Amino acid sequence: MKLDVNALGTFYQMAQEGAGLAAGRLTRLTGVDTRVGVTKLNFMRGSDIRAELADDVQKVGVRVQLSGGLDGHAVIVFDRASAVHLVETLQPTIDDQPALPEGPDEPFDEMNKSAITEVGQIMNSGFIDGWADVLSTAIDVATPEFVEGDTAEPFLADIDTTPGADDLALLFQSQIEAIDTEIQFRYYLFPEHEAMADVLERQGADGDAGIEYDKLAGFDRLAQRGADEVANNVTMLTGIDTSVEIRRLNFVPLEAMPEEIDDESLVGVAFEFDGTPSGYLLFLFDEASAREIVRAMVPNEPDDEFGEMGQSAIKELGNIMASGFLDGWANVLDTTIDHSPPEYIRDMGAAVIDPVVIQLGENQEFAFVFDTVVQAAEREFDCNIYAIPDESDLERAINDLPMDRIEKAPTKAAIDEIETDP
């Protein structure tokens with residue numbers, strides 16, 4: 001199965017159209033003005049999906065089985081607070097209405113479950129009708145099922161299309177924002193493999209263009225190894241014990257990329273890399289994390305951590321992290337990937353990525369973004385990694401990827417050979 005960018009663009013359009021219809025129907029049902037917040041199209045491994053659902057936080061959801069134009073399952077998952085808010089909006093607690101659960105361990109009664117199921121089904125129908133409109137087909141929906149729990153099992157049980165631990169699944173993530181509150185939910189689509197292949201084939205361009213789906217999973221694994229190497233380098237150079245905590249492979253329109261960046265003051269380094277593939281690589285820290293780095297690498301640095309010495313330390317670490325991330329790609333692909341000297345950046349939110357969007361936007365509309373968060377267990381430390389390859393180069397690199405070399409090729413950067421700016 002091949003992933004044509006045009007076809008994936010159709011899937012993103014499906015996500016947007018479905019989320020818009022779901023928000024509109026929720027507004028009509030509850031009387032609360034809503035709008036679509038962030039919409040994402042992710043590829044996630046089965047193991048990561050299960051880990052995301054097994055977070056010991058009580059959740060409720062509604063599952064439906066799909067058939068017709070798109071076979072598979074769809075699951076909408078609300079955090080418990082959002083579910084309570086929805087029920088509260090639909091059926092206020094008065095004498096002839098059931099009381100809402102007061103504590104996190106108190107179960108929903110049957111009437112509350114019915115209300116959540118009704119909302120979930122209306123939102124499900126919005127998503128699915130949006131998909132059907134984009135695909136110009138009919139999608140049948142089975143009777144909705146209410147599920148709840150703090151592990152993955154209740155939400156994924158008996159779904160034959162749930163991906164294996166190392167298999168990629170297509171995941172829609174949407175957030176619907178209401179006045180004075182947020183209704184937080186995640187939306188999972190688990191299409192049958194053959195059904196998804198058929199949709200991609202119908203929506204894709206003619207010819208053999210496209211990315212091999214199985215090799216995309218291999219490249220995602222390669223990116224994970226690079227992220228692990230970054231975490232190791234941070235630990236070695238700063239003494240801050242870090243690990244890779246969150247990992248996503250996003251497919252987004254370039255114009256939506258700024259929405260991925262937290263709206264806060266960020267410090268980091270940016271690189272342009274050239275070879276097979278080429279593209280851009282950013283390491284971004286919130287200011288507190290950047291200060292931790294400077295203090296660890298330059299203990300005698302004055303109070304202005306972002307002065308000349310502090311900037312030099314962050315650039316030095318960025319240089320080593322970039323090599324750790326990209327060397328594995330080059331080793332597996334048996335090619336050379338050069339990266340530019342580190343460019344120090346300190347700016348607010350989306351401004352840090354606007355130059356990348358402008359550069360890539362000259363030749364492409366969408367981008368695959370390898371989005372990773374490195375965190376420290378016992379310290380206030382976060383590092384967001386954004387690897388954004390050029391679309392055509394990435395397609396060529398993935399399709400040429402020798403799958404048997406992914407786990408064998410070294411990824412460790414030759415730190416003693418890396419030169420940094422004075």
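- As recorded in an unreviewed UniProt entry, the chain goes by Chemotaxis protein CheC and comes from Natronoarchaeum philippinense.

## Re the overall build of the chain
Here is step 1 of the chain: When helices and strands are counted, the chain shows eleven helices and 17 strands.
Here is step 2 of the chain: Taking all 422 residues of the chain together, the buried fraction comes to 54%.
Here is step 3 of the chain: Partitioning the intrachain contacts of the chain with sequence separation of at least 6 by distance along the chain shows that 78% fall at a separation of at least 24.
Here is step 4 of the chain: In the form shown here, the chain has an accessible surface area of approximately 18300 Å², with 42% of it arising from carbon and sulfur atoms.

## Considerations on the confidence of the model for the chain
Here is step 1 of the chain: Of all residues in the chain, 87% attain a pLDDT of 70 or more, and the chain-wide mean is 81.
Here is step 2 of the chain: A low-confidence stretch, residues 413-422 stays under pLDDT 50, and its non-local contacts, those more than four residues away or across chains, total 20 contacts.

## Here's the deal with the UniProt feature "domain: CheC-like protein" (unreviewed entry) in the chain
Here is step 1 of the chain: Here the UniProt-annotated "domain: CheC-like protein" (unreviewed entry) positions come out as residues 111-147 and 309-343.
Here is step 2 of the chain: Along residues 111-147 one finds 68% helix and 16% strand; the C-alpha atoms at either end are 14 Å apart.
Here is step 3 of the chain: Within residues 309-343, the helical portion is 71% and the strand portion 11%, while the C-alpha atoms at the span's ends are 15 Å from each other.

## Comments concerning the packing of helix α7 (residues 213-238) against helix α9 (residues 308-333)
Here is step 1 of the chain: Two elements in contact, α7 and α9, have axes whose closest approach is 9 Å; the angle formed by their N-to-C orientations is 150 degrees. With respect to each other, α7 and α9 are oriented roughly antiparallel. The way α7 lies across α9 gives a crossing that is right-handed. Facing α7, whose interface residues are Phe 219, Leu 222, Ala 223, Gly 226, Ala 227, Glu 229, Val 230, Asn 233, Val 234, Leu 237 and Thr 238, α9 presents Leu 317, Ile 320, Met 321, Gly 324, Phe 325, Gly 328, Trp 329, Val 332 and Leu 333.
Here is step 2 of the chain: Here the contact of α7 with α9 is composed, by residue class, of 14 nonpolar, five polar and one charged.

## Re the layout of surface pockets
Here is step 1 of the chain: Considering only enclosed or pocket space, the largest pocket measures out at about 850 Å³ in volume.
Here is step 2 of the chain: Among the secondary structure elements, those contributing two or more residues to the lining of the largest pocket are β2 (34-45), β4 (72-79), β7 (168-178), β9 (185-191), β11 (242-253), β13 (279-286), β16 (366-376) and β17 (382-389).
Here is step 3 of the chain: Its residues assigned to classes, the lining of the largest pocket comprises twelve nonpolar, eight polar and 13 charged.
Here is step 4 of the chain: Both domain 1 (2-203) and domain 2 (211-407) contribute no fewer than three residues apiece to the lining of the largest pocket.

## Overview of the pairing of β9
Here is step 1 of the chain: Most of β9 sits inside the fold, with seven of its seven residues counted as buried.
Here is step 2 of the chain: Where burial is concerned, the two faces of β9 agree: the one with Phe 185, Tyr 187, Leu 189 and Pro 191 and the one with Arg 186, Tyr 188 and Phe 190 are both buried.
Here is step 3 of the chain: Summarising the sheet, β4 and β9 pair through seven bridges and their orientation is antiparallel. Looking across to β9, one finds that Ile 76 is bridged to Tyr 187.

## Regarding the packing of aromatic side chains
Here is step 1 of the chain: A complete count under the given rule lists 14 aromatic pairs for this structure.
Here is step 2 of the chain: Consider the rings of Phe 285 and Phe 381, whose centres lie 6.0 Å apart with planes at 55 degrees: the pair is tilted. Placement of Phe 285 in strand β13 and of Phe 381 in the loop between β16 and β17 is noted, with a sequence separation of 96 residues between them. Across the pair, exposure class does not vary: Phe 285 and Phe 381 are buried alike.
Here is step 3 of the chain: By way of ring pairs, the aromatic residues Tyr 12, Phe 43, Phe 251, Phe 366 and Phe 368 are connected into one cluster.

## Here's the deal with the pattern of salt bridges
Here is step 1 of the chain: In total, this model carries seven salt bridges according to the counting rule given.
Here is step 2 of the chain: Across the pair Glu 145 and Arg 63 runs a salt bridge whose closest N-O atoms are separated by 3.0 Å. Of the two residues, Glu 145 sits in strand β6 (residues 145-149) while Arg 63 sits in strand β3 (residues 59-68), which places them 82 residues apart along the sequence.
Here is step 3 of the chain: Judged by relative accessible area, which is 8%, Arg 63 ranks as buried.
Here is step 4 of the chain: Across the pair Arg 346 and Glu 287 runs a salt bridge, and its minimum N-O distance is 3.0 Å. Here Arg 346 is found in strand β15 (residues 343-348), whereas its partner Glu 287 is found in helix α8 (residues 287-297), with 59 residues between them in sequence.
Here is step 5 of the chain: Salt bridges linked by common partners bring Glu 110, Lys 113 and Glu 148 together as one network.

## A word on helix α11 (residues 391-399)
Here is step 1 of the chain: What α11 keeps buried is the set Asp 393, Leu 394, Ala 397 and Ile 398. Projected onto a plane normal to the axis of α11, the buried residues spread over an arc of 125 degrees and lie on a single side.
Here is step 2 of the chain: The elements touched by buried residues of α11 are β10 (211-212), α7, β12 (265-275), α9, β16 and β17.

## So, unusual backbone geometry
Here is step 1 of the chain: Pro 277 follows Thr 276 through a cis peptide bond whose omega is 5 degrees.
Here is step 2 of the chain: Position of Pro 277 among the secondary structure elements: in the loop between β12 and β13.
Here is step 3 of the chain: Of note, Asp 334 is a non-glycine position whose phi angle comes to about 55 degrees, a positive value.
Here is step 4 of the chain: Note that Asp 334 resides in the loop between α9 and β14 (337-339).

## Structural notes on the pairing of β17
Here is step 1 of the chain: Of all eight residues that make up β17, seven are buried, and the element is covered over most of its length.
Here is step 2 of the chain: Bridge count between β13 and β17: seven bridges; the pairing is antiparallel. The residue bridging Tyr 280 from the neighbouring strand is Ile 388, located in β17.
Here is step 3 of the chain: Taken together, the six bridges between β16 and β17 define a ladder with antiparallel strand orientation. In the strand pairing of β17, Gln 375 is matched with Asp 382.

## What to know about the nonpolar core
Here is step 1 of the chain: Phe 43, Trp 131, Phe 219, Leu 281, Phe 283, Phe 325 and Trp 329 are the most contacted members of the largest nonpolar core, which totals 106 residues.
Here is step 2 of the chain: Counting the residues that make up this core, at least three belong to each of domain 1 (2-203) and domain 2 (211-407).
Here is step 3 of the chain: Leave out the neighbours within four places in its chain, and Phe 283 touches Val 230, Val 267, Gly 268, Val 269, Phe 271, Gly 318, Met 321, Ala 322, Cys 383, Asn 384 and Ile 385.
Here is step 4 of the chain: Formed by 19 residues, the second largest nonpolar core is a distinct cluster that contains Ile 353, Ala 367, Tyr 386 and Ile 388.

Cut-off values and rules
Residues numbered from 1 in each chain as written. Predicted model: local features only at pLDDT ≥ 70, side-chain atom pairs only at ≥ 80, totals over all residues. Heavy atoms only, no water. Helix = DSSP H or I, 4+ residues; strand = E, 2+ residues; numbered from the N terminus. Buried < 20%, exposed > 50% of the residue type's maximum accessible area, 1.4 Å probe, protein only. Contact = heavy atoms within 4.5 Å. Areas by Shrake-Rupley, 256 points an atom, 1.4 Å probe, with all protein chains shown as cover. pLDDT = per-residue confidence, 0-100. UniProt positions renumbered as here; feature names shortened; annotations may be inferred. Axes fitted to C-alpha atoms, helices over the stretch in contact; angles between N-to-C directions. Parallel < 35°, antiparallel > 145°, perpendicular 65-115°, else oblique. Left-handed = near helix turned anticlockwise from the far one by under 90°. Nonpolar A, V, L, I, M, F, W, Y, C, P; charged D, E, K, R; others polar. 1 Å grid on protein atoms, 1.4 Å probe; cavity = no way out; pocket = protein on both sides within 12 Å on 5 of 7 lines; lining within 4 Å. Points joined across faces, edges and corners; volume = space filled by probe spheres on them. Domains from an automatic or database assignment. Pairing = 2+ DSSP bridges. Phe/Tyr/Trp six-rings, centres within 6.5 Å; stacked < 30°, edge-to-face > 60°. Salt bridge = Lys/Arg side-chain N within 4 Å of Asp/Glu carboxyl O. Arc of directions from axis to C-beta. Core = buried A, V, L, I, M, F, W, Y, C linked by side-chain atoms within 4.5 Å.

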